[in-house]
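Spelled out from the first residue to the last, the chains are:
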Amino acid sequence: MWGGRTGTFLRPSGWWPTGVLGRRLLNYNAASLAGSSSPRCWNCGGAGGPPRGDRFFCPQCRALQPPDPTRDYFSLMDCNRSFRVDTVKLQHRYQQLQRLVHPDFFSQRSQNEKDFSEKHSTLVNEAYKTLLAPLSRGLYLLKLRGIEIPEGTDYEMDSQFLTEIMEINEKLAEAQDETAMKEIESIVRAKQKELTDDVSRAFERDNFEKAKELLTKMRYFSNVEEKIKLKKIPL
Ligand SMILES: [Zn+2]
């Protein structure tokens, strides 16, 4: 799937600029493996640092290093920390990273490297999924700023909006045929598009309260989308 075995030997040809040194987190695997919190390779003990930027492999022994817990999804996926992402570029980066860290390429390597490749791969999948969808991307951006919208919490939604959602839910409950379902789907899709554009503008103006309100609305529509999917599955 990832271009066969040759991918095993793909290694970063040069290091990325180190950028701002992140904070060390306590639950850093390498710290316990290396017996200290100093930035050394878990395998050869060589300096060269933990994998900051794209340093997935030790420059001395080429062993795969554990994921850098200080790195956020935007940095990992080589995107600007912004609501607007180039999804084509994101997809290329995803494929590039999977060619480096996919567990298939580590089946003949040490157990540590197998474990690290699993961790990297899971992280890359999660980062890609999160940044690809506008709702999860927006929620993640807010989370990085310390703003969370707990699940099941009704943000102060205006009654007009709640009525709108109620009416769509009623329509969905009453929908008996494909035409009716398609109509509801197109209403929801148009709403999500409109909200996505509004969220984008809110982030551009650093208006995080507005972004929070709009993303909460998107989550309501996303719940409706889930219900549509469920209703489509023949029981
Ligand atoms: Zn090493």
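In this report, the structure presented in the accompanying data block is examined.

### Some points on the coordination of the zinc ion
Then, in step 1: Looking at the zinc ion, one finds its protein donor set to be Cys41 (SG), Cys44 (SG), Cys58 (SG) and Cys61 (SG), positioned 2.3 to 2.4 Å from the metal centre.
Then, in step 2: Coordination at the zinc ion comes from four donor atoms whose angles at the metal span 106 to 113 degrees, giving a geometry best classed as tetrahedral.
Then, in step 3: When the donors of the zinc ion are listed by position in the chain, the intervening gaps give C-x2-C-x13-C-x2-C. Of the two residues, cysteine 44 sits in the loop between α1 (29-34) and α2 (73-76) while cysteine 58 sits in the loop between α1 and α2, which places them 14 residues apart along the sequence.
Then, in step 4: On the basis of relative accessibility, which here comes to 41%, the residue cysteine 44 falls in the partly exposed class.
Then, in step 5: Classification of cysteine 58 by relative accessible area gives buried; the value is 2%.

### Looking at the packing of helix α5 (residues 134-144) against helix α8 (residues 208-232)
Then, in step 1: At a minimum axis separation of 10 Å, α5 and α8 run at an interaxial angle of 145 degrees. Read as a crossing pair, α5 and α8 show a hand that is left-handed. Counting all contacts with α5, which are made through Pro134, Leu135, Gly138, Leu139 and Leu142, the residues of α8 involved are Phe208, Ala211, Lys212, Leu215, Met218, Arg219 and Ser222.
Then, in step 2: In terms of residue class, the contact of α5 with α8 is made up of eight nonpolar, two polar and two charged.

### Digging into the pattern of salt bridges
Then, in step 1: If you walk through the whole model with that rule in mind, you get 13 salt bridges.
Then, in step 2: Of the charged contacts in the structure, one is a salt bridge between aspartate 72 and arginine 81, with a shortest N-O distance of 2.6 Å.
Then, in step 3: For aspartate 72, a relative accessible area of 14% corresponds to the buried category.
Then, in step 4: Looking at arginine 81, the relative accessible area reads 52%, which means it is exposed.
Then, in step 5: Here lysine 182 makes a salt bridge to glutamate 178, at a shortest N to O gap of 2.9 Å. Of the two residues, lysine 182 and glutamate 178 are both situated in helix α7 (residues 178-204); the distance of four residues between them amounts to about one turn of the helix.
Then, in step 6: By sharing partners, the salt bridges in this structure join Asp158, Lys210, Glu213 and Lys217 into a single network.

About the thresholds
- Residues numbered from 1 in each chain as written.
- Predicted model: local features only at pLDDT ≥ 70, side-chain atom pairs only at ≥ 80, totals over all residues.
- Heavy atoms only, no water.
- Donors = N, O, S within 2.8 Å, 3.2 Å for Na, K, Ca; no water.
- Tetrahedral: all angles 85-135°; square planar, octahedral: opposite > 155°, others 65-115°.
- Helix = DSSP H or I, 4+ residues; strand = E, 2+ residues; numbered from the N terminus.
- Buried < 20%, exposed > 50% of the residue type's maximum accessible area, 1.4 Å probe, protein only.
- Axes fitted to C-alpha atoms, helices over the stretch in contact; angles between N-to-C directions.
- Left-handed = near helix turned anticlockwise from the far one by under 90°.
- Contact = heavy atoms within 4.5 Å.
- Nonpolar A, V, L, I, M, F, W, Y, C, P; charged D, E, K, R; others polar.
- Salt bridge = Lys/Arg side-chain N within 4 Å of Asp/Glu carboxyl O.

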